[in-house]
Amino acid sequence: MITLAPSILAADFTRLGEQVHDTVLEGIRYLHIDVMDGMFVPSISFGFPVIETLRPFTDQIFDVHLMICEPLRFISRFAKAGADHITVHFEACGNPAETLLAIRENGCGVGLSINPSTPVDVVFPYLELVDLVLIMTVEPGFGGQEFLDFTVDKIRTLRNYCRDHGLHTVIETDGGLKADNLHVVMEAGCDRIVCGSAVFHGDIRGNVRSLRREITRFEEAHQS
Ligand code: DX5
Ligand code: ZN
């Protein structure tokens with residue numbers, strides 16, 4: 001089953017609780033939380049206070065995407081703040097294996113992400129350590145960008161690799177995804193789709209329903 005993970009980066013922060021609640025009302029289980037440090041990416045988003053504030057407000061699964069340099073420094077703090085899954089960037093880690101193990105030791109689901117220009121085979125040696133691979137389909141750092149078509153081959157390659165090696169790694173895609181291009185990443189084999197502006201800009205509940213309709217349509221057409 002393919003799941004939708006709304007990214008709160010695109011929310012109206014003056015009404016964050018209310019907007020997250022709209023996703024709860026639509027039965028959304030995963031909330032994608034983008035943390036940026038102004039070093040790994042050119043922008044700064046938010047950090048612990050936002051996660052801590054949201055934590056008692058919802059029992060959704062917090063899928064925290066760390067776009068920060070040397071995330072190992074902060075794994076235990078994000079876990080304490082309320083992260084359920086923590087995804088770090090391969091490019092940001094001096095020692096990816098040590099970082100992934102630290103996420104596991106802190107009781108969180110483990111994710112490894114790669115930028116559009118990073119070849120997908122860099123993640124192969126780490127697949128036994130992770131639950132999820134996040135393939136960025138835009139350059140990390142900003143919401144509302146155009147989907148990069150050339151990233152699709154990496155999703156397909158990873159899906160085939162996992163199948164050939166008996167791995168059940170979740171493949172997540174993030175960036176530039178909306179109702180009219182979801183089928184591209186679903187056909188390539190992704191399991192979880194992050195959408196920021198396609199969920200939070202405009203009618204949130206209506207947007208979730210439209211995106212879900214696309215997912216259901218795809219799944220029904222591909223039932224074997
Ligand atoms: C980009 C973030 C994405 C972003 C997606 O660095 O990782 O999660 O919020 O936003 P949209 O869906 O608007 O491209
Ligand atoms: Zn993200």
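Small disclaimer: the values here were computed from a predicted structure and weren't measured. (Residues numbered from 1 in each chain as written. Chains lettered and ligands numbered in written order. Predicted model: local features only at pLDDT ≥ 70, side-chain atom pairs only at ≥ 80, totals over all residues. Heavy atoms only, no water.)

**Quick word on the overall build of the protein chain**
Broken down by element type, the protein chain carries 8 helices and 8 strands. In terms of overall size, the protein chain behaves like a compact globule, its C-alpha atoms giving a radius of gyration of 16 Å where 224 residues would be expected to give roughly 17 Å. Counting the 224 residues in the protein chain, one finds 54% classified as buried. For the protein chain, restricting intrachain contacts to residue pairs at least 6 apart in sequence, the fraction spanning at least 24 positions comes to 63%. Accessible area of the protein chain: about 10000 Å², with a carbon and sulfur share of 52%. Taking the 18 positively charged and 31 negatively charged side chains of the protein chain as two groups, their mean positions are separated by 4 Å. (Helix = DSSP H or I, 4+ residues; strand = E, 2+ residues; numbered from the N terminus. Rg over C-alpha atoms; globule rule 2.2 N^0.38 Å. Buried < 20%, exposed > 50% of the residue type's maximum accessible area, 1.4 Å probe, protein only. Contact = heavy atoms within 4.5 Å. Areas by Shrake-Rupley, 256 points an atom, 1.4 Å probe, with all protein chains shown as cover. Lys, Arg positive; Asp, Glu negative; His and termini not counted. Charge placed at Lys NZ, Arg CZ, Asp CG, Glu CD.)

**Quick notes on the packing of aromatic side chains**
As enumerated under the stated definition, the model contains 5 aromatic pairs in all. Aromatic pair F48 and F78: ring centres 4.5 Å apart, planes at 40°, arrangement tilted. Here the residue F48 occupies a position in helix α2 (residues 48-54), and F78 occupies one in helix α3 (residues 75-81), the gap between them amounting to 30 residues. Taken together, a centroid distance of 6.3 Å and an interplanar angle of 55° make the contact between F90 and Y126 tilted. One end of the pair, F90, is in the loop between β4 (85-89) and α4 (96-105); the other, Y126, is in the loop between β5 (109-114) and β6 (132-136), and 36 residues separate them in sequence. Classification of Y126 by relative accessible area gives buried; the value is 18%. (Phe/Tyr/Trp six-rings, centres within 6.5 Å; stacked < 30°, edge-to-face > 60°.)

**Details of the coordination of the zinc ion (ligand 2)**
Donor atoms from the polypeptide that coordinate the zinc ion (ligand 2) comprise H32 (NE2), D34 (OD), H65 (ND1) and D174 (OD), at 2.0 to 2.3 Å from the metal. Considering all 6 donor atoms around the zinc ion (ligand 2), the spread of angles at the metal, 69 to 169°, places the coordination shape in the octahedral class. (Donors = N, O, S within 2.8 Å, 3.2 Å for Na, K, Ca; no water. Tetrahedral: all angles 85-135°; square planar, octahedral: opposite > 155°, others 65-115°.)

**Focus on the nonpolar core**
Core analysis: the largest hydrophobic core is formed by 65 residues, its most contacted members being I8, L158 and I193. Here this core takes 5 residues from helix α8 (residues 204-221), the largest share from any one element. Not counting residues up to four positions away in its chain, the partners in contact with I8 are F13, L16, V20, L31, H32, I33, F46, V50, L54 and F200. Residues M36, F40, V41 and A92 belong to the second largest nonpolar core, which totals 5 residues. (Core = buried A, V, L, I, M, F, W, Y, C linked by side-chain atoms within 4.5 Å.)

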